[in-house]
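What follows is the residue order along each chain.
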Amino acid sequence: MTSSHTDCHFCLQSLRGRKYALRDENAYCVPCYDSLYANPCEECKQPIECSSKDLAYKGRHWHERCFRCAKCSRSLVEKPFAAKDEVLLCTECYSDEYSSKCFHCQKTIMPGSRKMEFKGSSWHESCFVCQYCQQPLGTKPLITKDNENYCVPCFEKQFAHHCYACKKVITSGGVAYHDQPWHKECFVCAVCKTQLSGQRFISKDEYPYCVDCFSKFHAKKCAACKKPVAALGGAKYISFEERQWHGECFSCAKCSVSLVGQEFLTQQDDILCHKCGSA
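The structure displayed is predicted, hence computed values, not measured ones.

A. Geometry of the pattern of salt bridges. All chains considered together, the criterion is met by 4 salt bridges. The partner of E125 in a salt bridge is R114, with the nearest N and O atoms 3.1 Å apart. Taken as a pair, E125 in the loop between strand 8 (121–124) and strand 9 (142–145) and R114 in the loop between helix 2 (91–98) and strand 7 (115–118) lie far apart in primary sequence, 11 residues in all. Taking the relative accessible area as the measure of exposure, E125 reaches 36% and is therefore partly exposed. Overall, R114 belongs to the exposed group, its relative accessible area being 54%.

Written as structure tokens, this is what we have:
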């Protein structure tokens, strides 16, 4: 610039008709100003003369022509950029080198764009969707199966077990009976409705029964004492001509000797030992 200042503050030469620069209200000729105050360029190491634009970032300086991406050399003047280990990069190069890759599409998640993170992986917001309905999951509850994410309604529709009794989804636990899933609280005796999960039970006609109810309503009756026999699968009983006896009840009708493992005779509805039957 030209002004009414008469002499250079440093070399004292006349500034009349010459360009000069001001610093702290003092005027300097261009050569003196550049030698005293010009910042060295980070790229070319040459002084940035007062006639050139000085671009500064975090205390460092560049010529306008030197302010470029360290990888692709494209100018960063008036463009967004990022710094990594004091190296300047355009956003594209920075993303290629350092930004996360979307777990779904494997493309770079650009700086400044919204990123979803789940189980240590990152997604574009538009890629983080339910595998079935394709609706964004955002921060909604989700369930993962075979590395795919599902919203809860879609997962239940596609994969969840439904209770054989109440038809509702079984979200945890459950009981398997006759190859069908049941809620624990729905798996009850067909008669008294006592919960059978973890208890001994007996199956008849595809329905489960507690031992007491099965004995009361379905167990065979002893021909001698008329009480149920074989309430449990492991109980021992004797069967003959569609009649059953407890082992301790299977005895001669006359002398009461046990006939378990012995030969016996029948007389009408009675069973007799060989001796009583031959008398």
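B. Broad picture of the nonpolar core. Core analysis: the biggest nonpolar cluster contains 15 residues, and C163, W182, F187, C189, L196, C210 and F214 have the highest contact counts within it. Residue assignment for this core shows that the elements contributing at least two residues are strand 11 (175–177), strand 14 (207–210) and helix 4 (211–217). Beyond its immediate sequence surroundings of up to four residues, F187 is in contact with V175, Y177, W182, T194, Q195, L196, S197, F201 and P208.

C. Region of interest: the pairing of strand 6 (residues 87–90). The sheet contact formed by strand 5 (residues 81–84) and strand 6 spans 4 bridges and is antiparallel. Of the residues in strand 6, the one forming a bridge with A82 is L89. Between strand 5 and strand 6, which pair antiparallel in sequence order, lie 2 residues; one of them, D85, sits at a positive phi of approximately 55 degrees.

D. The arrangement of the domain arrangement of the protein chain in detail. Under the domain assignment used here, the protein chain contains domain 1 (160–217) and domain 2 (220–278). If you average the C-alpha positions of domain 1 and of domain 2, the two centres end up 35 Å apart.

E. Structural detail: the UniProt feature "domain: LIM zinc-binding" (unreviewed entry) in the protein chain. When the UniProt feature table is mapped to this numbering, "domain: LIM zinc-binding" (unreviewed entry) covers residues 39–99, 100–161 and 220–279. Summarising residues 39–99: 13% helix, 26% strand, and an end-to-end C-alpha distance of 33 Å.

F. Molecular detail of the confidence of the model for the protein chain. Mean pLDDT for the protein chain: 83, with 95% of residues reaching 70 or above. Mean pLDDT in the protein chain bottoms out at strand 16 (residues 228–229), which sits at 74, and peaks at strand 4 (residues 60–63), which reaches 94.

G. Expanded view of helix 1 (residues 30–37). When we look at burial in helix 1, the residues that qualify are C32, Y33 and D34. On its buried face, helix 1 sits against strand 1 (20–23) and strand 2 (26–29).

H. Expanded view of the layout of surface pockets. What the largest pocket holds in volume is close to 160 Å³. Contributing to the lining of the largest pocket are E42, E43, R60, W62, C66, F67, R68, C69, A70, E86, V87 and L88. In terms of residue class, the lining of the largest pocket is made up of 7 nonpolar, no polar and 5 charged.

I. Region of the structure containing the side chain of Q244. Note on placement: Q244 falls in strand 18 (residues 243–246). Among the polar contacts made by the side chain of Q244, one reaches the side chain of S239 at a distance of 3.5 Å. Not counting residues up to four positions away in its chain, the partners in contact with Q244 are K220, K221, C222, A223, V229, Y237, I238 and S239.

J. Seen up close, the packing of aromatic side chains. Tallied over the entire structure, the rule returns 20 aromatic pairs. Here the aromatic rings of F118 and W123 are separated by 6.4 Å at their centres, their planes lie at 45 degrees, and the arrangement is tilted. Pairwise contacts between aromatic rings join Y164, Y177, W182, F187 and F201 into one cluster. Here the basic side chain of R23 rests over the ring of Y37, its NZ or CZ set 4.1 Å away from the ring centre.

Definitions and limits used
- Residues numbered from 1 in each chain as written.
- Predicted model: local features only at pLDDT ≥ 70, side-chain atom pairs only at ≥ 80, totals over all residues.
- Heavy atoms only, no water.
- Salt bridge = Lys/Arg side-chain N within 4 Å of Asp/Glu carboxyl O.
- Helix = DSSP H or I, 4+ residues; strand = E, 2+ residues; numbered from the N terminus.
- Buried < 20%, exposed > 50% of the residue type's maximum accessible area, 1.4 Å probe, protein only.
- Core = buried A, V, L, I, M, F, W, Y, C linked by side-chain atoms within 4.5 Å.
- Contact = heavy atoms within 4.5 Å.
- Pairing = 2+ DSSP bridges.
- Domains from an automatic or database assignment.
- UniProt positions renumbered as here; feature names shortened; annotations may be inferred.
- pLDDT = per-residue confidence, 0-100.
- 1 Å grid on protein atoms, 1.4 Å probe; cavity = no way out; pocket = protein on both sides within 12 Å on 5 of 7 lines; lining within 4 Å.
- Points joined across faces, edges and corners; volume = space filled by probe spheres on them.
- Nonpolar A, V, L, I, M, F, W, Y, C, P; charged D, E, K, R; others polar.
- Polar contact = N/O pair within 3.5 Å; in protein donor to acceptor, adjacent residues only side chain to side chain.
- Phe/Tyr/Trp six-rings, centres within 6.5 Å; stacked < 30°, edge-to-face > 60°.
- Lys NZ or Arg CZ within 6 Å of the ring centre and 35° of its normal.

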